Amino acid sequence: MRAVDPKHVRAYGDTLDDGQIMLSFSLPVPFGEEAKEAARQLCRQMGLEAPQVYHAHDLGEGFTFLTVYARSPHTVDTTQLRVTKMDTPHLGKDAIEALASEKFTRKIRVLGACTGDDAHTVGIDAILNVKGYHGDKGLEAYHCLAVRNLGAQVSNERLLDEARAFEADVVLVSQIVTQKDCHRSNLAALIDLAEADGVRRDLLFVCGGPRLSHQVALELGFDAGFGAGTLPSQVAGFLVQRLAAR
Amino acid sequence: MAGLVATFAPTPPGFGCPPLDLDAPTVARARQLAQHIAADVQARLADQSTVAIERTVLRLFGVTGATADGEPLANRLVAQLHAADLLAGGVAQPFCQALVHTGLTAQALAQAVADGRVDLRTHAGARTGQAQAVGAQLAQAGVARITARRQERQALIGRLGQGVQPLKYVIVASGNIHEDVIQARVAARQGADVIAVIRSTGQSLLDYVPEGETTEGFGGTFATQANFALMRRALDDVGAELGRYIRLCNYASGLCMPEIAAMGALERLDMMLNDALYGILFRDINMQRTLCDQRVSRRISALAGLIINTGEDNYLTTADAVDAAHTVVASTLINEALARQAGLQTDQLGLGHAMEIDPLRPDALLLEIAHAALIRHLFPGAPLKYMPPTKHMTGNIWRGHVQDALFNFVGVLTGQGIQLLGMMTEAMHTPHIHDRYLALESAQLVFTGAMGLGSELRVEPGGKLEARARQVLDEALVLLDEIAREGLMTSLSRGHFAEIARSPTGGRGLDGVFAKAASYWDPTADAITQALIAHGQLS
């Protein structure tokens, strides 16, 4: 069996370098042979070879749903990849508490909110509430943290006002709704506002949500970002280690 | 006529839940406590009204539209009186007095007040016999419009037919009502029985109902009368073609609960998300405000033959689905009692519950069946609304599709009335056109194969499933007992539901609650009560 060439990696189905890709999508084209051909042509324009329509379904109203398998001849040089990852190691709650008691004489003050029009508190609650998420205790359960959860639909202005009043060290923002990229504009506006107020450097700004990542967070001017499935201890560990390093 | 208000979907042969041996005295006691809790809430709030209720009176009088800067006329009029401290007698008195004085129609008068040509404040005071007659007449006309839409629904269902239980319920949420129409029509063709149009995020906290068609909402469109009418027409068209009445669902919730219920009633919506406690817990709306508003919204829904959907599923997104199962049961019983007080009949009670246990927990499916069967047996004949997994959806769409298939299986096995179909892309994006098709296809496959299974299977006496159902009921009884002793409002401030605590004077919208004066008059309330009694929905 041939070895994988890390400089020329292709998609894999069942044989190295077979380039097998599956796609499914809908087209605003009435069901029929034309819809299938349109799908094949679209795949070829994506640079895929030998597209085969495995399934087509008439959705009605002039739409067709398609599942296509094709071969991708393209390769990726995995030796040249650059990705932004969280550089702090993942610690458990006890280790985080121990580090905090060694480095700080007071509690770290964490202010959380779900901002803008977004009314979904499930994310911020999973990270902050004592109960936590997936058996991992939330930030309210940490002795080293003083937590305040402002809930949903908090404006950026109010968030910064509250941060001042609470003497927060960390601002934690959750964004679930992402339609028309409103989460990005909303998060970027918060950082702009913090900079205008001259408090950007005084606070650690962290965001989270199913469509966020550390890389996106950095692009938006945050100190860190967490995506779907994040455990509260990952957030707590980051905060304590980052502030300890300051 | 009572009991057939919503003309709810028929059950196919063999459809139903396996029998469950519950302790009858415990069930009776739980229901009795819930009724006591609801009666106590009603007694405490009987002397209060809200700005939303007063705006609803104007809307039922026929007032629509907004000022040039987008403020609804109903808001402008009520806010003006409220600011002058002249609302305690109700909006109807000065409004009807001004109608008599000016000879204008309701709509023309509202416009004249908004333009500053008539000042309602100068008409506040004693109610004359003429004003009383005008008010009663307008209220009767409003009730007649709603009753006509209800009869229209019954006639359409009679002519077209409808889907069988569990009704397949899907959402559209593109943010553009015109795209939503396309998505909804496609969904109907793929087998959907109910289309729920998701609201733009944040509407629940708006203290007015926006006007016009939404083309750029966030996570949905605004609940507006124009959007309701547009979607209604589209579903009627596709339903006529398919030979199946397609139900339309929206949200009568938030700060404008009763107004939206009235608009939905006028535009022949068939279902409304309408929970007595949801706004308090999850949107931090003041509890006095919501508890007053829910009552009026539910009386309108009762009259309109709307099915209400309650939101107990949400409790399990914050609390653990096993630990908090009894809170769902307790809340459905309270929601039921409050709903019946408002005149809603059994076939209008879309009480909500959900499948939210971690699917990798041993016996997860057994526990889910126990919970779903328990709710089924507590509310015979009610079109229960069963909600899909959301909390343990991971972004792995293939796994999610399997979870949703299991959910569909539990729904049909336990005889649920309305199945809100899960989407494999739950928690990732609002549904794409094919997400919905795949969900509908999966539901159809599972429902077809398992439709007659529930009535053939028996629960092992003394086994795990029966024990779990009995345990949840016992825990619900303890909670109901505690709530009955301390009162619902105190209980809400102790965080019994969804682990969220709210205070009676906290939250949004309290400034819109006011004490009724002895002279308070609302002719629409009188007309609705008369109609509900005439329909056998209230005694």
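To keep things clear, this report deals only with the structure shown in the data block. Residue numbers run consecutively from 1 along every chain, following the written order of its sequence. Labels follow written order: the first chain is A, the first ligand is 1, and so on. This being a predicted model, a pLDDT of at least 70 is required before a residue's local features are given, and a value of 80 or more before pairs of side-chain atoms are given or counted; all residues contribute to the totals for chains, interfaces and linings. Computation of side-chain values: all heavy atoms of the structure, hydrogens and water removed.

### Looking at the pattern of salt bridges
Part 1: Any Lys or Arg side-chain nitrogen located within 4 Å of an Asp or Glu carboxyl oxygen qualifies as a salt bridge. By the definition in use, this model includes 43 salt bridges over all chains.
Part 2: In this structure, the salt-bridge partner of A:Arg10 is A:Asp17, at a minimum N-O distance of 3.8 Å.
Part 3: Only protein chains enter the accessibility calculation, which uses a 1.4 Å probe; a residue whose area is less than 20% of its type maximum is buried, one above 50% is exposed, and one in between is partly exposed. Its relative accessible area of 28% is what places A:Arg10 among the partly exposed residues.
Part 4: Here the salt bridges share partners, and the residues they tie into one network are B:Arg149, B:Glu152, B:Arg153, B:Arg232, B:Asp236, B:Arg268 and B:Asp270.

### Looking at the environment of B:Arg458
Residue and element names in this part refer to chain B.
Part 1: If you trace the backbone, Arg 458 turns up in the loop between helix H16 (433-450) and helix H17 (464-486).
Part 2: C-alpha separation for the pair Arg 458 and Leu 538, spaced 80 residues apart in sequence, amounts to 38 Å.
Part 3: From its side chain, Arg 458 meets the backbone oxygen of Ser 455 in a polar contact 3.3 Å long. Comment: elements are numbered from the N terminus, with helices defined as DSSP H or I runs of at least four residues and strands as E runs of at least two. Polar contacts here mean pairs of N or O atoms no more than 3.5 Å apart (in protein, one a potential hydrogen donor and the other a potential acceptor; neighbouring residues in sequence count only if both atoms are side-chain atoms).

### Points about helix H2 (residues 51-61) of chain B
All names here are of chain B.
Part 1: Across the 11 residues of H2, 11 count as buried, placing the element largely inside the fold.
Part 2: Every buried residue of H2 is accounted for by Val 51, Ala 52, Ile 53, Glu 54, Arg 55, Thr 56, Val 57, Leu 58, Arg 59, Leu 60 and Phe 61.
Part 3: Note on H2: the residue one or two positions beyond its end, Gly 62, has a positive phi of about 110°.

### Re the interface of chain B and chain A
Note: interface size is frequently given as the accessible area lost on complex formation between the parts.
Part 1: Two residues qualify as a contact provided that any one of their heavy atoms is within 4.5 Å of a heavy atom in the partner residue. Each side of the interface is counted separately: chain B has 34 residues, and chain A has 26 residues.
Part 2: For any pair of parts, buried area is found by adding up, for both, the accessible area (1.4 Å probe) each one loses once the two are put together. Summed over both partners, the interface of chain B with chain A buries about 2400 Å², with 54% contributed by carbon and sulfur atoms.
Part 3: The largest per-residue losses of area from chain B upon contact with chain A belong to B:Thr201, B:Phe218 and B:Tyr437, which jointly make up 21% of the total buried on that side.
Part 4: Joining chain B to chain A, the criterion identifies 2 salt bridges.
Part 5: Of the charged contacts in the structure, one is a salt bridge between A:Glu61 and B:Arg185, with a shortest N-O distance of 2.9 Å.
Part 6: Classification used: nonpolar for Ala, Val, Leu, Ile, Met, Phe, Trp, Tyr, Cys and Pro, charged for Asp, Glu, Lys and Arg, polar for all others including Gly. Within the side of chain B that touches chain A, the residues separate by chemical class into 12 nonpolar, 13 polar and 9 charged.

### Topic: the packing of aromatic side chains
Part 1: Here is the rule: rings of Phe, Tyr and Trp (six-membered ring for Trp) pair when centre to centre is within 6.5 Å. Planes less than 30 degrees apart are stacked, more than 60 are edge-to-face, and the remainder are tilted. This structure, assessed with the given rule, holds 9 aromatic pairs over all chains.
Part 2: On the numbers, 5.5 Å between centres and 65° between planes, the contact of A:Phe65 with B:Tyr437 is edge-to-face. A residue pair is termed interchain when its members come from two chains, as with A:Phe65 in strand E3 (residues 63-71) and B:Tyr437 in helix H16.
Part 3: Using a relative accessible area of 2% as the deciding quantity, one classes B:Tyr437 as buried.
Part 4: A network of ring pairs unites the aromatic residues B:Tyr278, B:Phe282, B:Tyr315 and B:Phe497 as a single cluster.

### Digging into the nonpolar core
Across soluble globular proteins, nonpolar side chains show a tendency to be buried alongside one another.
Part 1: As used here, the term nonpolar core means buried Ala, Val, Leu, Ile, Met, Phe, Trp, Tyr and Cys residues forming a set that is joined through side-chain atoms within 4.5 Å. Residues B:Phe95, B:Leu277 and B:Phe497 are the most contacted members of the largest nonpolar core, which totals 175 residues.
Part 2: The dominant element in this core, judged by the number of residues it contributes, is H17(B), at 10 residues.

### Quick word on unusual backbone geometry
In most cases, non-glycine residues show a negative phi, while peptide bonds are predominantly trans.
Part 1: Here the residue pair B:Gln165 and B:Pro166 is connected by a cis peptide bond, since its omega of -10° sits within 30 degrees of zero.
Part 2: When you line up the elements, B:Pro166 lands in the loop between helix H6 (129-160) and strand E2 (167-172).
Part 3: Notably, A:Ala50 is not glycine yet its phi reads approximately 45°, a positive angle.
Part 4: For A:Ala50, the position within the fold is in strand E2 (residues 49-60).
Part 5: Overall, the relative accessible area of 54% leaves A:Ala50 in the exposed class.

### A look at a nonpolar patch on the surface
Part 1: Patch membership is restricted to residues that have no salt bridge and whose relative accessible area is over 30%. Joining uses 9 Å for like charges and 5 Å for the nonpolar side chains Val, Leu, Ile, Met, Phe, Trp and Tyr. Using the Shrake-Rupley algorithm and a 1.4 Å probe, accessible areas are obtained, with residue cover drawn only from the displayed protein chains. A cluster of nonpolar side chains, B:Leu365, B:Val402 and B:Leu406, forms an exposed patch at the surface whose accessible area comes to about 220 Å².
Part 2: Secondary-structure assignment places B:Val402 in helix H15 (residues 397-413).

### A closer look at the side chain of B:Arg150
Residue and element names in this part refer to chain B.
Part 1: Among the structural elements, Arg 150 can be located in helix H6.
Part 2: Despite being buried, Arg 150 has no salt bridge partner; Asp 347 is the closest side chain of opposite charge, sitting 8.1 Å away.
Part 3: Polar side-chain contacts of Arg 150 include one of 2.9 Å to the side chain of Gln 537. The positive count covers Lys and Arg only, the negative count covers Asp and Glu only, and His and the chain ends enter neither.

### Some words on the sheet that holds strand E6 (residues 307-309) of chain B
Residue and element names in this part refer to chain B.
Part 1: What makes two strands pair is DSSP finding at least two bridges between them. Taken in spatial order, the 9 strands line up as E7-E6-E5-E4-E3-E2-E10-E9-E8 in an open sheet, and their pairing is parallel. In the strand order of this sheet, the two ends are held by strand E7 (349-350) and strand E8 (352-354), each with one partner.
Part 2: Pairing between E8 and strand E9 (residues 385-387): 3 bridges, direction parallel. Its bridge partner lying in E9, Ala 354 is registered against Met 387.
Part 3: What counts as an axis is a line fitted to C-alpha atoms, over the stretch in contact for a helix, and the angles between N-to-C directions run from 0 to 180 degrees. Each of E2 and strand E10 (418-420) touches H16; the most contacted strand, E2, lies at about 170° to it.

### Thoughts on the environment of B:Gly411
All names here are of chain B.
Part 1: Considering the arrangement of structural elements, one finds Gly 411 in helix H15.
Part 2: For Gly 411, a relative accessible area of 0% gives the class buried.
Part 3: A sequence separation of 395 residues divides Gly 411 from Gly 16, and the C-alpha atoms of the two residues are 10.0 Å apart.
Part 4: Look past the residues within four positions of Gly 411 in its chain and what remains in contact with it is Pro 166, Tyr 386, Gln 416 and Gln 419.

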